[in-house]
Amino acid sequence: MPLDWGDPSSERITVAFTWLPATKRPGRATGTILANPGGPMAALPDLPRIQQVLGPVLEDQNLLVVEPRGLGTSSPLLCPGLNLRVPETIAPCAKRLGPRVQFFTADQAVHDMDAVRRALGVSKITFYGNSYGTLFAQAYAARHPGSLAAAFLDSTMITSADGYALWPVRSRLDHLDLVCRQSRACRALPGRASNTWTDLVTRLRAHPDPKVPIAALGMVDKVYDAVFGREANAAATAYLHGDPAPLRRLTQVVPGLPQQPVEGPEWAGYLAYRCGDGSFPFDRDASPAERQAQLQRYYLQERPLAPYTPADLGLDITKDLDFCVQWPTLRHSPPLPPRADLPNVPIMVVGGDFDTHSPAEVARAMRAFPNATFVRVPFAAHSLAMVPGEVGECIRTAMRSFLTSHRVPDMRCAAENYRAIGSFPRTISDVPPIPAAGLSHKQRRLLAVTFATATDAVARRNPYSPTHSRLDTQPGLRGGRVDFSDTTITLERTSLVSGLEVSGQIAVASNRQAAATLEVSTGDGQPHRIRLAWLPFTPHEHPALSGVVDSTPFMVAKKR
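All residue numbers here refer to positions counted from 1 along the written sequence of the relevant chain. Where totals are concerned, whole chains, interfaces and linings use all residues; where local detail is concerned, this predicted model gives features only for residues with pLDDT of at least 70, and gives and counts side-chain atom pairs only at 80 or more. The side-chain numbers reported here are obtained from all heavy atoms of the structure, hydrogens and water having been left aside.

Picture the strands of a sheet paired through backbone hydrogen bonds; they go either parallel or antiparallel. Strand pairing is assigned whenever DSSP detects at least two bridges linking the two strands. A run of H or I in DSSP counts as a helix once it spans at least four residues, and a run of E counts as a strand once it spans at least two, with each numbered from the N terminus. Spatial ordering of the open sheet is given by 1-3-2-4-5-8-9, a layout of seven strands whose pairing is mixed. Looking at strand neighbours, the two that pair on one side only are strand 1 (17-20) and strand 9 (372-377), the edges of this open sheet. Taken pair by pair, the neighbouring strands of this sheet meet at an average axis angle of 15 degrees, ignoring direction. Bridge count between strand 2 (residues 31-36) and strand 4 (residues 125-130): four bridges; the pairing is parallel. Bridge pairing in strand 4 links Ala35 to Tyr128. It only takes one pair of heavy atoms within 4.5 Å for two residues to be counted as in contact. Only the contacting stretch of a helix is used when fitting its axis, a line to C-alpha atoms as for every element, and angles between N-to-C directions run 0 to 180 degrees. The strands touched by helix 1 (residues 47-54) are strand 1, strand 2, strand 3 (61-66) and strand 4; relative to strand 3, the strand with the most contacts, the crossing angle is about 150 degrees. Across the sheet, helix 4 (residues 106-120) lies against strand 1, strand 2, strand 3 and strand 4, angled at about 140 degrees from strand 3, the strand it touches most.

Structure (structure tokens):
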């Protein structure tokens, strides 16, 4: 390929690709899918995952994966000693690579992709883009509209008015509001959830709590983790009213979270795309010193991280909030040029509530395409077709249908499998009795507290809780311990409320059915044996529940 597609005589570079003919129709495929998994990172190592996601579609359609230039095995850009969080390594990297680095951008990469298409004799492609791959898809549509049959965009990047990719760094307390609106118990809390969180940050800034660092709150408000979504609002309210235990339990898991390393020679290619394709809170043609000043003003005046400050989150504006200050942008290269003549082909766009860009933002941006359909996925986050579990399978089924027919199916996928709680009871009397026929008032209250303790433990195995699913053990909220294995949760004198301990096991089957055999002590010397069966991970205020309290069976219908 030419380094500069605008100059056919420019330096030649090598671009790698993989071509997999349709498995059941070699030579007679019904179409060709051009896939990019995002990043921007090397694409070819993700080939097995792409094949798994596309599944049976590849029986009848060819698959083409082109390694974007500058990444992986496509004339890679390399800078030994590069660390994106050490600005002093970024400018020397750009200097080492020289002015040719300006051509390692999406507008050039999609010309490479189309050149491979032509070389293979493919008339048209259907583009499957995930995350940054959706930016490649948009750039391709703008530059090769006649070669595009359709596109499926998952977790879409959107562009600014001048056509460059937006990389918003901002707090999203509106996600707390969204989760709370869906729950009757949460809506009953005083004030808006986002305002409560702001009050919490203000309180902790004035009265620091070493067990609740503000920086940890910046992770707890990420409600794409289902446990955070279920409990953050109630925990914040409890803290402000003198009960710190629930919030301290949430924040204690944050320090152990793994962080993606952003160092190594290969990150030079990532920088080339991110900085060359991106729109930032500074001028592209400004000097590094001017950019730094503009970035400082932006974070101090616009406060996109509010209610946090960069210092609250342990962030250095110079080192942590924008990698591209020190990277030169030498060429005008918008991935999606304004007023581009975009093709009138079917485009299916899926986006989750908790993605980088909100569903409303994505839907609005996709109106630039004449025949685009946006489908919102409640409570979902990013890379939807690649996630495990029911929502991922639902998205994959819809995607496969679209890639086969180029018609948007009736899709009702959701990761909304819980309801935010409204409070953390402190004593047995704080828990309303469960209205189970055949049980005494005392038994109904005992059942309610025991079930609340069990559901609190099981919540930590929500399939959409990447943070808590790593845990092998965790203290009970007010005493005892909870241990986790693949299919069993063991409670050891676990207390959700003071004065009541629960021990025993909860089995969570592959069909998500939960069954608990528990022994409950209230301190009166009379242990109670309780068996429970219910279906967790549903968007119901109160799920159906059955079992036995001591020797008395009961059954309670679900309540939406």
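On to the sheet that holds strand 10 (residues 473-475), then. A sheet is described by the order of its strands in space; here eight strands give the open sequence 10-11-12-13-14-15-16-17, paired in antiparallel fashion. One side of each edge strand has no neighbouring strand; the edge strands of this open sheet are strand 10 and strand 17 (552-556). For this sheet the average axis-to-axis angle between neighbouring strands, irrespective of direction, equals 15 degrees. With five bridges connecting them, strand 16 (residues 545-549) and strand 17 associate as antiparallel partners. Bridging from a neighbouring strand, Leu545 pairs with Val556 of strand 17. Packing against the sheet, helix 17 (residues 441-458) makes contact with strand 11 (481-484), strand 12 (488-494), strand 13 (501-508), strand 14 (514-521), strand 15 (528-534), strand 16 and strand 17, and its axis sits at approximately 55 degrees to strand 15.

A few words on the state of the cysteines. Disulfides are defined as pairs of cysteine sulfur atoms found within 2.5 Å of each other. Here the structure, examined in full by the defined rule, presents four disulfides. The disulfide that involves Cys394 links it to Cys413, with 2.0 Å between the sulfurs. Linking Cys394 and Cys413, the disulfide has an S-S dihedral of approximately -80 degrees and is accordingly described as left-handed. With Cys394 in helix 16 (residues 389-405) and Cys413 in the loop between helix 16 and helix 17, the pair connects residues that are 19 residues apart, well separated along the chain. The cystine pairing of the chain, numbering bonded cysteines in sequence order, is 1-2, 3-4, 5-6, 7-8.

What follows is about the pattern of salt bridges. When a carboxyl oxygen of Asp or Glu is within 4 Å of a side-chain nitrogen of Lys or Arg, the pair counts as a salt bridge. Under the defined criterion, the tally for this structure stands at 29 salt bridges. Residue Glu519 pairs with Arg529 through a salt bridge whose shortest N-O separation is 3.3 Å. Taken as a pair, Glu519 in strand 14 and Arg529 in strand 15 lie far apart in primary sequence, 10 residues in all. The structure contains a network of salt bridges with shared partners spanning Arg230, Glu231, Arg249, Asp456 and Arg460.

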